[in-house]
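# Examining the three-dimensional arrangement
For reference, the chains in residue letters:
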Amino acid sequence: MSNNYRRLPLVVMVALVLFAVSAAAQTSSTSTGVSRLMNPSISANGLFLGQVSRDNQDPGANGIFLQEAEIQLTSVVDPFWTADLIVVWAQEEDGDTYDTLIETAALRSRSMPAGWGLTLGKFFLPFGKHAILHPHQFAFIDAPLAIDEFVPGMIDVGVSVDTALPLPWYSELVVYGTDGQASVFAADDRDLAFGTRLTNMWDLSLDGTLELGGSLVSGPDADSHLTGNNKRNIFGADITYKWSSGSLSQGPAVTWSSEIVIPEPDCNATGNPFGAYSHFQYRFGRTWWLGLGGGLTRDKSVYENNLETLQGWNEAKINVAFVPSEFSAIRAEITYQESHDSSYDDLRFSLQWNFTIGSHPAHRY
Amino acid sequence: MNFTKTMIVAAVMVLATAGQSLAELKVVTTISDLARIAEAVGGEDVHVTALCPGPRDPHFLPAKPSLARKLANADLLCYNGLELEIGWLPLLLDKARNPRIKPGAPGDLDCSNSLEHILDVPGGNVDRGMGDIHALGNPHYTLDPGNAVLIARGMANRMGQLDSKNKAAYTARAQAFADAVSAKQPFWHDQLAEARTKSIILYHSHWNYFTHWQELKVVGEIENRPGITPSPRHVQSIIDKGRDLEDVMIIAAQWDHQEVAEEVAERIGTALAVLPGYSGAQKGTENYFDFIDRLCSRVAEAAARIETVPVKE
Ligand SMILES: [Zn+2]
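An account of the accompanying structure is given in this report.

About the criteria used
- Residues numbered from 1 in each chain as written.
- Chains lettered and ligands numbered in written order.
- Predicted model: local features only at pLDDT ≥ 70, side-chain atom pairs only at ≥ 80, totals over all residues.
- Heavy atoms only, no water.
- Patch = residues over 30% accessible without salt bridge, like charges linked within 9 Å, V, L, I, M, F, W, Y side chains within 5 Å.
- Areas by Shrake-Rupley, 256 points an atom, 1.4 Å probe, with all protein chains shown as cover.
- Salt bridge = Lys/Arg side-chain N within 4 Å of Asp/Glu carboxyl O.
- Lys, Arg positive; Asp, Glu negative; His and termini not counted.
- Charge placed at Lys NZ, Arg CZ, Asp CG, Glu CD.
- Buried < 20%, exposed > 50% of the residue type's maximum accessible area, 1.4 Å probe, protein only.
- Donors = N, O, S within 2.8 Å, 3.2 Å for Na, K, Ca; no water.
- Helix = DSSP H or I, 4+ residues; strand = E, 2+ residues; numbered from the N terminus.
- Pairing = 2+ DSSP bridges.
- Axes fitted to C-alpha atoms, helices over the stretch in contact; angles between N-to-C directions.
- Contact = heavy atoms within 4.5 Å.
- Buried area = accessible area lost by both parts, 1.4 Å probe.
- Polar contact = N/O pair within 3.5 Å; in protein donor to acceptor, adjacent residues only side chain to side chain.
- Nonpolar A, V, L, I, M, F, W, Y, C, P; charged D, E, K, R; others polar.
- Phe/Tyr/Trp six-rings, centres within 6.5 Å; stacked < 30°, edge-to-face > 60°.
- Lys NZ or Arg CZ within 6 Å of the ring centre and 35° of its normal.

### What to know about a negative patch on the surface
- A grouping of Asp58(A), Glu92(A), Glu93(A), Asp94(A), Asp96(A) and Asp99(A) is seen on the molecular surface, where their side chains present a negatively charged patch.
- Taking the relative accessible area as the measure of exposure, Asp96(A) reaches 64% and is therefore exposed.

### Considering the coordination of the zinc ion
All names here are of chain B.
- Distances from the zinc ion to its protein donors, namely His59 (NE2), His134 (NE2) and His140 (NE2), fall within the range 2.1 to 2.3 Å.
- Counting gaps between the donor residues of the zinc ion yields the pattern H-x74-H-x5-H. Taken as a pair, His59 in the loop between strand 2 (46–50) and helix 3 (65–72) and His134 in the loop between strand 4 (108–110) and helix 5 (145–162) lie far apart in primary sequence, 75 residues in all.

### Observations concerning the sheet that holds strand 7 (residues 248–253) of chain B
Residues and elements named next belong to chain B.
- The parallel open sheet is built from 4 strands, whose spatial order is 6-5-7-8. Strand pairing shows two members of the sheet lacking a second neighbour, strand 6 (217–221) and strand 8 (272–275), which therefore form its edges. Sheet twist, expressed as the mean angle between neighbouring strand axes with direction ignored, is 30°.
- Across the sheet, helix 10 (residues 288–305) lies against strand 7 and strand 8, angled at about 170° from strand 8, the strand it touches most.

### Here's the deal with the sheet that holds strand 1 (residues 25–29) of chain B
All names here are of chain B.
- Strand order in the open sheet formed by 4 strands is 2-1-3-4, with parallel pairing between adjacent strands. A single partner strand is all that each edge strand has here, and the edge strands are strand 2 and strand 4. The mean inter-strand angle of the sheet, taken between neighbouring strand axes irrespective of direction, is 20°.
- Two elements, strand 1 and strand 3 (residues 76–79), share 3 bridges in a ladder whose sense is parallel. Bridging from a neighbouring strand, Thr29 pairs with Cys78 of strand 3.

### Some points on the interface of chain A and chain B
- Contact with chain A, which involves 41 residues of that partner, is made by 31 residues of chain B.
- Roughly 3,000 Å² of surface becomes buried between chain A and chain B when both sides are summed, with 48% attributable to carbon and sulfur atoms.
- Between Arg286(A) and Glu223(B) there is a salt bridge, with the nearest N and O atoms lying 3.0 Å from each other.
- For the pair chain A and chain B, the interface holds 20 residue pairs in polar contact (both at pLDDT 80 or more).
- For the side of chain A that touches chain B, the secondary structure elements donating two or more residues are strand 6 (155–164), strand 7 (170–178), strand 8 (193–203) and strand 14 (307–325) of chain A.
- For the side of chain A that touches chain B, the leading source of residues is strand 6 of chain A, giving 3 residues.
- Here the residues of the side of chain A that touches chain B are counted per class, giving 14 nonpolar, 18 polar and 9 charged.

### Let's talk about the pairing of strand 1 (residues 41–53) of chain A
- The pairing of strand 1 of chain A with strand 2 (residues 63–78) of chain A spans 11 bridges and is antiparallel. Across the sheet, residue Ser41(A) finds its bridge partner in strand 2 of chain A, namely Thr74(A).

### Some words on the packing of aromatic side chains
- With the rule as written, the count across this model stands at 16 aromatic pairs over all chains.
- Each ring, one from Tyr288(B) and one from Phe291(B), has its centre 6.2 Å from the other, and the planes form 50°; the classification is tilted. One end of the pair is Tyr288(B) and the other is Phe291(B), both in helix 10 and 3 residues apart, which spans about a single turn.
- Aromatic rings pair up to connect Phe177(B), Trp188(B), Phe210(B), Trp213(B), Tyr288(B), Phe289(B) and Phe291(B) into one cluster.
- Positioned above the aromatic ring of Tyr365(A), the side-chain terminus of Lys242(A) is 4.8 Å from the ring centre.

### A few points about the pattern of salt bridges
- Going through the model one piece at a time under the given rule, you end up with 25 salt bridges over all chains.
- One salt bridge connects Glu194(B) with Lys198(B), and the closest N-O pair in it is separated by 3.8 Å.
- Judged by relative accessible area, Glu194(B) falls into the partly exposed class, the value being 39%.
- Of the residues examined, Lys198(B) reaches a relative accessible area of 7% and is grouped as buried.
- Sharing partners across several salt bridges, the network here consists of Arg108(A), Asp162(A), Glu172(A), Asp94(B), Lys95(B) and Arg97(B).

Spelled out as structure tokens, the structure:
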């Protein structure tokens, strides 16, 4: 019972703000006249995958699939808020059924004092560079092992506050408190999750930037009965170099991004689990990109000859993407994965294509 | 003691920054042309920064957070509008956290609102089968110096509202800019007398305000669908068209994929003029008048050269 009270401050805060907002908007909407000009910006995209696996016989690993379809609505609400709603129909593991996910349903402040930003609702928790991406924004078809293993489904309901730090370079701090229902945390626990992220960026030249980020999130541990930890604390660090030609329109470009994710080890474990990846992308023609990636995880202690060892996976990927416009892309990819102890490996060939329709996409940096 | 000292230093620093911000209006523009016009109008009463470097195609400026820092302190944002900056300016404004320049605020100036005529406003149905089209019309209006004058007056108005004690100075400088443009017009006009008798193939509709202003005869575009690599079939049809015409020349921007423009020029057997897309896109065009001079002189020079280029099969 006392656990219920721990989330009280957060719930009261969210409830008060939402009440204030909804009190102003209690009327049902009209569909005539100038009201139609106030329709939100709408965009939609579809992501398709054809895949064959050398050794994996799962139905979800072989075949042609609609991976996901997504609808995004964005609009200014009133002088105080902008709202985003993103609904996704994502393929489940079996390859046949679809899950409806509300990826984002959030209010974002428009006029907070002193440059503070406030986000209220359901949103991607800002952990690292990859956990915040939609699948159609991934550098490769699948998320890196490290992300899948340690920070999957980082979406939760709560409050996030952000500000730019008064430093000589670009530095942004985000602090958030959420319900603790993100899939990485315990689904039935009454504790909240908290986290923070610091992003720093420097211009190395007119056309190149270096980004260094650090992330921390802490929430109820889903496996506390196994791990002996009440909290699941996860740390992350990332480095990204970006460059694009400043003199040729849609010319050569490079993105090199690496990230490490370190969950706090189990109380009764001896090894230190972690996951890391490095992705390199190069635009070599106006409509062509080449990608090279590698990653690994070390996790799950097992006993062998009375010694506890870390198990894990390694992977390497290469892809070529054809991007005829900002609104569609096709890519072909080869992925090699092996278990750390070399007892299992697999080779996968994939072809993925996507489209975006509706309002113009922003070129996220 | 140390604490008191720190507080005093901090207070002095805050006052110093405040004093600085009172001294001059901090103006940020998106493209370099608008920066040059803002400098002409603002003179010593403003400090002007452009987000997009001259050599970079503003359709595809990366939304670097360091650019958001430039916006964070701005008193006035002058942007091109007509969706030229749609891929990156909204993101930067969000990161800038500056209420003085957010949409609808006094520091938010869409320069396209000062125009009298917008070219290439699509009539009827538009869709992206036509490429990444500018649905509100052609946004490259600063290539007509007449439009630059209208923008200068719009800027003077807004600067005067934000900084009323210098209102008269802004208006006077906008008038001086207008006079300087008027004084140059006959020269620019005469320079292109020969080019006016030729047919022109553009790489991209970027040049429509320039060709409209100079009454040049445009007969086709190599990149007929904006942002999309032209198909070999379309390139061939442009070459065929060029060969059928008496006197034809090609215009491309320095950031365009010139191998295509060069191939078309070679196979027609005509001159290619590679022009700076905006002020500062080529060396020696940092000043707006030098920039317009360069457009005119390069086109005039190419028009005079058409006959001398052999046809390559
Ligand atoms: Zn354009």
